[in-house]
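Residue-level structure breakdown
Each chain, letter by letter, is given below.
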Amino acid sequence: MSYGAIAILTDCLTPEVTPATRPPAARKGKIRPPRRAPESESSEQWKILQHSIREIFNHNARSLSFEENYRHAYNMCLQKQGSQLYEGVSGLVVENLDKLAQEQIVPAFPGGSSVGGIDHVQQAQEGERLLKAIRAVWDDHISSMSKLRDLLKYMDRTYVPPARILPIFEQGQQLFLERVIRSPNYAIKSHLINTLLMQIQVERDSYTVNRSAVKGCVEVLLELKDRRDSWDSAVSVYEKDFEPTFLKDSELFYKAEAARLLETCNAMQYLKKAEERFLSESSRTQYYLSSKSEAPLISILENHLLIPHLQTIIYMQSSGLDVMMDGDKTDDLARMYRLFIRVPQGLPTLQKALRESVVRRGKEVNALATTGPPNEADAEGDGEGEEAEESKAKSKKKAPAPKGVASRATEAALQWMQSVLELKDKTDKLLKVCFGDDRSIQTTLSEAFEAFINDNPKSPEYISLFIDENLRKGLKGKSDQDVDTVLEKTITVFRYISERDVFERYYKGHLAKRLLQNRSVSDDAERGMLAKLKVECGVQFTQKLEGMFNDLKVSTDHMSGFRDHLAKSQVSPPIDISVNVLTSTFWPMALKPAPCNLPSSMVDSCKVYDRYYQSRHSGRKLSWQPSMGSADVRATFKARTHDLNVSTFALVILLLFENLDDGEFLTYEELKDASGIEEQELKRQLQSLACAKFRVLKKSPPGRDVADDDSFSFNNDFTSPMQKIKISTVSSKVENPEQRRETMERVDEERKHQTDACIVRIMKDRKVLSHSELIMEVTRQLATRFQPAPAQIKKRIEALIEREYLDRGDDKNSYRYLA
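Residues numbered from 1 in each chain as written. Predicted model: local features only at pLDDT ≥ 70, side-chain atom pairs only at ≥ 80, totals over all residues. Heavy atoms only, no water.

1. Remarks on the nonpolar core
Leu85, Phe242 and Leu350 are the most contacted members of the largest nonpolar core, which totals 152 residues. In contact with leucine 350, other than residues within four places in its own chain, are Ile314, Leu321, Met336, Tyr337, Phe340, Phe435 and Ile441. (Core = buried A, V, L, I, M, F, W, Y, C linked by side-chain atoms within 4.5 Å. Buried < 20%, exposed > 50% of the residue type's maximum accessible area, 1.4 Å probe, protein only. Contact = heavy atoms within 4.5 Å.)

2. Here's the deal with the packing of aromatic side chains
The geometry of an aromatic ring pair comes down to the distance between the two centres and the angle between the two planes. Counted by the stated rule, this structure contains 21 aromatic pairs. Between tyrosine 609 and tyrosine 612, the aromatic rings sit 6.0 Å apart at their centres with planes inclined by 55°, giving tilted as the arrangement. In this pair, tyrosine 609 and tyrosine 612 both sit in helix α27 (residues 600-616), 3 residues apart, roughly one turn of the helix. In this structure, tyrosine 609 and tyrosine 612 share a single accessibility class: buried. The ring of phenylalanine 449 has lysine 424 sitting right over it, with the charged end atom 5.9 Å from the ring centre. (Phe/Tyr/Trp six-rings, centres within 6.5 Å; stacked < 30°, edge-to-face > 60°. Helix = DSSP H or I, 4+ residues; strand = E, 2+ residues; numbered from the N terminus. Lys NZ or Arg CZ within 6 Å of the ring centre and 35° of its normal.)

3. Considering the sheet that holds strand β2 (residues 641-647)
With mixed pairing, the 3 strands of this open sheet are ordered in space as β1-β2-β6. Of all the strands in the sheet, just β1 (630-636) and β6 (724-726) have a single pairing partner and so form its edges. On average, each strand axis in the sheet is inclined to that of its neighbour by 25°, with strand direction left out of account. Of the strand pairs in this sheet, β1 and β2 are connected by 7 bridges, and their pairing is antiparallel. Along β2, the bridge assignment pairs alanine 631 with valine 646. Contacting β1 and β2, helix α28 (residues 648-655) crosses the sheet at an angle of about 130° to β2. (Pairing = 2+ DSSP bridges. Axes fitted to C-alpha atoms, helices over the stretch in contact; angles between N-to-C directions.)

4. Considerations on the pattern of salt bridges
Tallied over the full model, the rule gives 50 salt bridges. Among the salt bridges present, the one from arginine 211 reaches glutamate 203, with a minimum N-O distance of 2.7 Å. Among the residues examined, arginine 211 registers a relative accessible area of 22% and is labelled partly exposed. The exposure class assigned to glutamate 203 is buried, which follows from its relative accessible area of 14%. (Salt bridge = Lys/Arg side-chain N within 4 Å of Asp/Glu carboxyl O.)

5. Comments concerning the pairing of β2
Among the 7 residues of β2, 5 are classified as buried, and the element is accordingly described as predominantly covered. Adjacent in sequence and paired antiparallel, β1 and β2 are bridged by 4 residues. Direction of pairing for β2 relative to β6: parallel, over a ladder of 3 bridges. From the neighbouring strand, asparagine 645 faces β6, where its bridge partner is lysine 726.

6. What to know about the packing of helix α25 (residues 523-537) against helix α26 (residues 539-569)
Running from amino to carboxyl end, α25 crosses α26 at an angle of 160°, the nearest separation of the two axes being 8 Å. On the basis of the axis angle, α25 is roughly antiparallel to α26. In this structure, α25 crosses over α26, and the sense of that crossing is left-handed. Facing Asp523, Glu526, Arg527, Leu530, Leu533, Lys534 and Cys537 of α25, the residues of α26 in contact are Val539, Phe541, Thr542, Leu545, Glu546 and Phe549. Looking at the contact of α25 with α26 residue by residue, the classes come out as 7 nonpolar, 1 polar and 5 charged. (Parallel < 35°, antiparallel > 145°, perpendicular 65-115°, else oblique. Left-handed = near helix turned anticlockwise from the far one by under 90°. Nonpolar A, V, L, I, M, F, W, Y, C, P; charged D, E, K, R; others polar.)

Laid out in structure tokens, this is it:
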């Protein structure tokens, strides 16, 4: 403070300064470098530091002065003794590491070079001691090197960078690698790696190991890097020394494991153990190995547990995919999916097997439907056949009536549809529960259903029959929700059929019968089904079906007007009739009415309505269709009088017995000539009247089938507790081969017209098209109704060229539209 005051005072006085009076430092004008300490002084400082460093290694750092030792290291660096300091400290570290390795690690080596004859518990314990010893030496070394790093911080900052050597802490890690892990004196590295592999193997064999001990040594290997080669891009000792050996050992293990599992396990057990291996290895890499090892390790599992054995697993007898599906093994199927999607070949293999399984099951369903009992006609209500009568004659006991079904063939058709729906429900459940709604598997299942459903040529007819059965009498006792569920499932199956025009033809016929015979239980359900079909196929597909509903509505208005007309004109027809006027293009009816000799009373009644209709709609012609009508007739028997509801043909037959006395009969040939009904239809009607449950006629001889030499008489002894009886016509609902051939001929004829119209429509819009483009466009547009064959399209093109709708282009490979 006094010196500062003098300086200010002197400055104020500004005395004259001469070279003689200037201080020596002021005269030179620069700072001189420190003088080099004598050799003895540097040696003394190093001795002090050497003693302190050994004390640090001996865990006696508390007795040392950090400031004093830091000053000694600082002074040595200032005195250009950095090399001596660095080399000296490195030597002390080597000395300490050699000591620790000899005293703590070597005694912990496992007792033998081989683990043969030693149980897994002893193996784990011996390995654990070595791992703990190495980790303890590492922790001790890192703790000491941390103190040295703080003590030699000035050396790291001033001497290390110009010398291009490792900082003292990293040098300590490098020396640990060289003197401990890769010790030139002891086989520590081989013992360590073998111990780690042994611990992993013991755990793979389902024994417990000390994961913390393994994790501790793995962390050491991950931390250590050989920095002599490259400071920045050096790989860890784990990656260089341990991981390749570990992966090779794992590959050998899982190759043998796959062979062992295939010999001892079925498919479900194999998949379960394989998944356990995947989970355990993933857990192992995440917990005490490097996460970088997970990908190559999982790849080894995939290459040995999955890829070579995909086919073997999925087709394994008594436990493969089919068995899992049959037994609803959802957990095993889900496990199979999870494992198979791990590998590129897995999902295609699963898709192929699923498709084969579903197609095989579908073909079995088709075979049961096509190889069932022959098409036999039974009554639509409960009935008794010839076998029942013979049984009663022999045992004089009333045999139970057979279960009411439309026919055995119809039952097979309905069972086909029910089986398809059950299979669809099963696969839908598997898709959702096991396969996670995988789009590719969903596509595969759809292709499989489409394949076997279209493989059955009767599938459009069967689907229509199933809908008819449910809408006609299957709705009783079911809620609207149940009905909608059944119809929605049916639409799902309908989506798979390619010949939708064939389905339309059958559906139109079944719908017509339900509407005209008042057999549809729910009008809402009918219209709901129509709405679903419209969504699937478009307005054009359901246009005629909607026209059928409209005809019935208009007919109701006509009948109301007809009754008013009768009341005003005081004209009464012989028979009270109710007429439905149907548009011929909407309804599945023959242009030529079925032959039938109607009684004069019925003819007169029809003429009364005909005159009324012509007065309202001049120019229209009515064609009466007795095959589509029904009648109510009152019949008197010995016991009582019953009101019978029968078909128009059945009424004509019954009226032939009106004037016969008891005991008189008519032969089949007489009935045929008198009624004028076709032979096949006549037999169906006689079966319903004489062979079904309500036998108002007697057939001689008794039996289920009607023969040309049979005779019939009125059954005066008929009894029934019901006043009103509905005698349903026997219906061979599934077409026989001849009927089917006729149906397909009509369908083929319609397809020709549809194909012609489609070609003309396309060419009118495009004017010129190549052959391949026209084929593709026609196929695309007609796909909603049927799948046209290219050869058939070509024939229709040739026909249109002949009719001068089209003309060939100049290149002979294209077509022009002719206006």
